[in-house]
Amino acid sequence: KYEKIMLFRNPYIRTISCFLDWMIRIPNNNNIIKMSKNQVMGDKQLPKETKFGWLIPILLKEKAFDFDNYKLLLLENNIIELFKIYLKLLPKIKYKNQHMHSQVNIIKDTNFSVDTFINIDKKQDIMILKEKIKQYIPINNKSCDKNKQLLSDFIKKDTFYNNIIYYVYQDDFYYLNNVLYL
């Protein structure tokens, strides 16, 4: 019998990290600011994923997403306003990529029973995982810690945006608070 291990994250931290990687870091690293919407979209048929990652193609299909404003805010490094845009669209786009799905879906959809839960944002949990699988695991989170803290502080202070995340991931919060008691 194999031990079933589930890796999870606090939904607030997970949302922030997803945003910073897929809406900021990856598009920035690929000079999206210099691109037109048509250049990003290519032959008018947007692939599921481009060199800009999977999030930008999803956002470009949303009428409420203003690509020119996005690029301007990215150029200004206005992380808070960009995060607000992402959060306002999150309820509409949550099911368009598994990076944004609720973490408990794997348990709900498969009736999967988990033996051990590992919070990948806790070093002591990563150490437990390394011990269990007897393999080195590099911690590879490329999001900027300064921006993570900025957005974490923003979410703590702004109940409107905090509530968006809570609403979108209420099943994760329920599970993590009532089953795992975190």
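Structural data are supplied above this passage.
Keep in mind that what you see is a predicted model, and the values were worked out from it rather than measured.

Rules and cut-offs
Residues numbered from 1 in each chain as written. Predicted model: local features only at pLDDT ≥ 70, side-chain atom pairs only at ≥ 80, totals over all residues. Heavy atoms only, no water. Helix = DSSP H or I, 4+ residues; strand = E, 2+ residues; numbered from the N terminus. Buried < 20%, exposed > 50% of the residue type's maximum accessible area, 1.4 Å probe, protein only. Contact = heavy atoms within 4.5 Å. Axes fitted to C-alpha atoms, helices over the stretch in contact; angles between N-to-C directions. Left-handed = near helix turned anticlockwise from the far one by under 90°. Nonpolar A, V, L, I, M, F, W, Y, C, P; charged D, E, K, R; others polar. Core = buried A, V, L, I, M, F, W, Y, C linked by side-chain atoms within 4.5 Å. Phe/Tyr/Trp six-rings, centres within 6.5 Å; stacked < 30°, edge-to-face > 60°.

Trainee: Give a detailed account of the environment of Ile 56, specifying residues and quantitative values.
Mentor: Residue position: Ile 56 is located in helix α3 (residues 55-60). For Ile 56, a relative accessible area of 0% puts it in the buried group. Sequence-wise, Ile 56 and Leu 73 are 17 residues apart; in three dimensions their C-alpha atoms are separated by 15 Å. When residues no more than four places from it in sequence are discounted, the contact partners of Ile 56 are Trp 22, Pro 27, Ile 32, Val 40 and Tyr 70.

Trainee: Give a detailed account of the packing of helix α4 (residues 67-75) against helix α5 (residues 79-93), specifying residues and quantitative values.
Mentor: Between α4 and α5, the shortest axis-to-axis distance is 8 Å and the interhelical angle comes to 145°. Regarding α4 and α5, the two cross each other, and that crossing is left-handed. Taken together, the residues of α5 that come into contact with α4 (itself represented by Asn 69, Tyr 70, Leu 73 and Leu 74) are Glu 81, Leu 82 and Ile 85. Residue composition of the contact of α4 with α5, by class: 5 nonpolar, 1 polar and 1 charged.

Trainee: For unusual backbone geometry, give the residues involved together with the corresponding values.
Mentor: The phi angle at Asn 77 is positive, at roughly 55°, despite the residue not being glycine. Note that Asn 77 resides in the loop between α4 and α5. At Lys 134, a residue that is not glycine, the phi angle is positive and equals roughly 55°. Along the chain, Lys 134 falls in the loop between α7 (123-133) and α8 (145-157).

Trainee: So what's going on with the nonpolar core? Which residues, and what values?
Mentor: Ranked by internal contacts, the top residues of the largest apolar core, which has 43 residues, are Phe 19, Met 23, Phe 83, Tyr 86 and Met 100. Elements represented by at least two residues in this core include exactly α1 (11-29), α3, α4, α5, α8 and α9 (159-168). Look past the residues within four positions of Met 100 in its chain and what remains in contact with it is Arg 14, Cys 18, Trp 54, Leu 55, Ile 58, Tyr 86, Leu 90, Ile 93, Lys 94 and Tyr 169. Among the nonpolar cores identified, the runner-up in size contains 5 residues, and Val 104, Ile 107, Val 114 and Tyr 175 belong to it.

Trainee: Report on the packing of aromatic side chains, specifying residues and quantitative values.
Mentor: Considering all chains together, one arrives at 12 aromatic pairs under this definition. Note on Phe 65 and Tyr 70: the rings are 5.4 Å apart at their centroids and 50° apart in plane angle, and the pair reads as tilted. Take Phe 65 and Tyr 70: they sit in the same class, and that class is buried. On the numbers, 5.9 Å between centres and 55° between planes, the contact of Phe 117 with Tyr 175 is tilted.

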